[in-house]
Amino acid sequence: MNNSSKEVLKINKLNAIYPNTSTYVLRELNLNMNRGDRLALVGSSGCGKSTVAKAVMQLLPNGCVCDGEIVLNGKNVLELDKVSLQTIRGKEVGLIFQDPMSRLNPLMTIGDHLVDTFRAHNKSASINYLVKQAKSLLEKVGIDPLRFNAFPHEFSGGMRQRVAIALAISLRPQLIIADEPTTSLDTIISHQIMSELSSLCDELGIALLLITHDLSMAYKWCNKIAILDCGQIIESGNIKEIV
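What comes next concerns the included structure.

**Quick look at the packing of helix 3 (residues 110-121) against helix 4 (residues 127-140)**
Any two packed helices are characterised by the angle at which their axes cross and by the distance between the axes.
Step number 1: Following both chains from N to C, one finds helix 3 and helix 4 inclined at 120°, their axes separated by 9 Å at the closest point. Here helix 3 lies oblique to helix 4, going by the angle between them. Along this stretch, helix 3 crosses helix 4, giving a crossing that reads as right-handed. Residues I110, L114, V115, F118 and R119 of helix 3 pack against I127, L130, V131, Q133, A134, L137 and L138 of helix 4.
Step number 2: Grouping the constituent residues of the contact of helix 3 with helix 4 by class yields 10 nonpolar, one polar and one charged.

Pasting the structure below:
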């Protein structure tokens, strides 16, 4: 089996129920992704798209019941302990949220966010080395390294989303989940952000799971599609054939 066909994510018969409800948000959901795939998970609002992202990252609310399998690079995340989960978040899978402000600490500079992420996974590195790494990563996502000490509120929505991309790719995971990453941005900025995200994924060999309700966006940036309705995948395959 060559590396290019390596399975990055396999979701098998995944069920999820939120606390205090009896309705399944996800039912018997199956999804497969190989290295380098660009898969759009498309569906209307409330169909369970974001729950898939949270289930893979194990960021579901307390009391949420999940069963089935979510195999990330050979490990079933539903069986991992807290410490192992913290290690795989960022290192094996990166998440880009709809609203980056919910992920960024308003009291920390942009540079500190990156340095902290690097330091969490490389405790022995010198601060100089980490700062250098962070600055080169900012450059990679189109942010002037001179803005290293700026705070999140000093950045526009598009720039904050670039920071979110930098954080997601910082540890070179094999998979990035982008959950409606351009909802709050205008068309031009949203095109720039997707274009950069797409080329960074190509350059670093990262698979991309794009969660969106926008079919035209899915068609533009992805080669595969899975259509989600009421917690189930109702159709999946090559995007050009299905759309």
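Still to come is the rest of the account.
**Focus on helix 2 (residues 82-91)**
Step number 1: If you check which residues of helix 2 are buried, you get L85, I88 and G90.
Step number 2: Of the surrounding elements, those touching the buried residues of helix 2 are strand 4 (65-72), strand 5 (75-76) and strand 6 (93-96).
Step number 3: Between a side-chain oxygen at the N-terminus of helix 2 and the backbone nitrogen of V83 the separation is 3.2 Å; the capping residue is D81.

**So, the sheet that holds strand 2 (residues 24-34)**
Step number 1: On the basis of which strands lie adjacent, the open sheet formed by four strands has the order 2-1-4-5 and antiparallel pairing. Strands with a single pairing partner mark the edges of an open sheet, and in this sheet they are strand 2 and strand 5.
Step number 2: Relative to strand 4, strand 1 (residues 7-17) runs antiparallel, the two being bridged by seven bridges. Bridged to N12 within strand 4 is E69.
Step number 3: Helix 1 (residues 49-57) rests against strand 1, strand 2 and strand 4 of the sheet, and its axis sits at about 110° to strand 1.

**Some words on a nonpolar patch on the surface**
Step number 1: Among the surface-exposed residues, L215, Y219 and V243 lie close enough to one another that they form a single nonpolar patch of about 270 Å² accessible area.
Step number 2: Structurally, Y219 is set in helix 7 (residues 215-221).
Step number 3: Overall, the relative accessible area of 37% leaves Y219 in the partly exposed class.

Cut-offs and rules
- Residues numbered from 1 in each chain as written.
- Predicted model: local features only at pLDDT ≥ 70, side-chain atom pairs only at ≥ 80, totals over all residues.
- Heavy atoms only, no water.
- Axes fitted to C-alpha atoms, helices over the stretch in contact; angles between N-to-C directions.
- Helix = DSSP H or I, 4+ residues; strand = E, 2+ residues; numbered from the N terminus.
- Parallel < 35°, antiparallel > 145°, perpendicular 65-115°, else oblique.
- Left-handed = near helix turned anticlockwise from the far one by under 90°.
- Contact = heavy atoms within 4.5 Å.
- Nonpolar A, V, L, I, M, F, W, Y, C, P; charged D, E, K, R; others polar.
- Buried < 20%, exposed > 50% of the residue type's maximum accessible area, 1.4 Å probe, protein only.
- Polar contact = N/O pair within 3.5 Å; in protein donor to acceptor, adjacent residues only side chain to side chain.
- Pairing = 2+ DSSP bridges.
- Patch = residues over 30% accessible without salt bridge, like charges linked within 9 Å, V, L, I, M, F, W, Y side chains within 5 Å.
- Areas by Shrake-Rupley, 256 points an atom, 1.4 Å probe, with all protein chains shown as cover.
- Salt bridge = Lys/Arg side-chain N within 4 Å of Asp/Glu carboxyl O.

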